[in-house]
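Listed below are the residues making up each chain.
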Amino acid sequence: MGDAPLFDQAWNNNAHTLARPFIGLCLIHFFLQTINPTSSWWQRLTDLLLNEFPDLTHLDIDLNAMGIIEGWNEWKW
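Residues numbered from 1 in each chain as written. Predicted model: local features only at pLDDT ≥ 70, side-chain atom pairs only at ≥ 80, totals over all residues. Heavy atoms only, no water.

## Section: the nonpolar core
Counting 13 residues, the largest nonpolar core has Phe22, Trp42, Leu49, Met66, Ile68, Trp72 and Trp75 as its most contacted members. When residues of this core are traced back to their parent elements, those giving at least two are α3 (21–35) and α4 (41–52). With four residues, the single largest contributor to this core is α3. (Core = buried A, V, L, I, M, F, W, Y, C linked by side-chain atoms within 4.5 Å. Buried < 20%, exposed > 50% of the residue type's maximum accessible area, 1.4 Å probe, protein only. Helix = DSSP H or I, 4+ residues; strand = E, 2+ residues; numbered from the N terminus.)

## Description of the packing of aromatic side chains
Counted by the stated rule, this structure contains six aromatic pairs. Ring centres of Phe22 and Trp72 lie 5.6 Å apart, and the angle between their planes is 75°; on these two criteria the pair is classed as edge-to-face. Remark: Trp72 occurs in the segment after α4 and Phe22 occurs in helix α3; sequence separation between them is 50 residues. Across this residue pair, the class does not change: Phe22 and Trp72 are buried. Trp72 sits in the buried class, given a relative accessible area of 5%. Members of the aromatic cluster, connected to one another through ring pairs, are Phe22, Trp41, Trp42, Trp72 and Trp75. (Phe/Tyr/Trp six-rings, centres within 6.5 Å; stacked < 30°, edge-to-face > 60°.)

## Here's the deal with the side chain of His29
Along the chain, the position of His29 falls in helix α3. Once residues within four sequence positions are removed from consideration, His29 is found in contact with Trp41, Trp42 and Trp77. (Contact = heavy atoms within 4.5 Å.)

Given below as structure tokens:
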């Protein structure tokens, strides 16, 4: 807690978020920014999730099922 403030709400006893891949993707980006600050990986991932994620609502699958945290696409890294 506190070292990566964007993720603080994920660590707040939120088992759903911790069990889903989104927080892992965020951590990958967090570390990738240290290795290569000019990487466009997060922007490309965001574009894919927002624009190309298939409509699977008939299967009860959406971005929330990935553990998406509200406001994630507005984060300033």
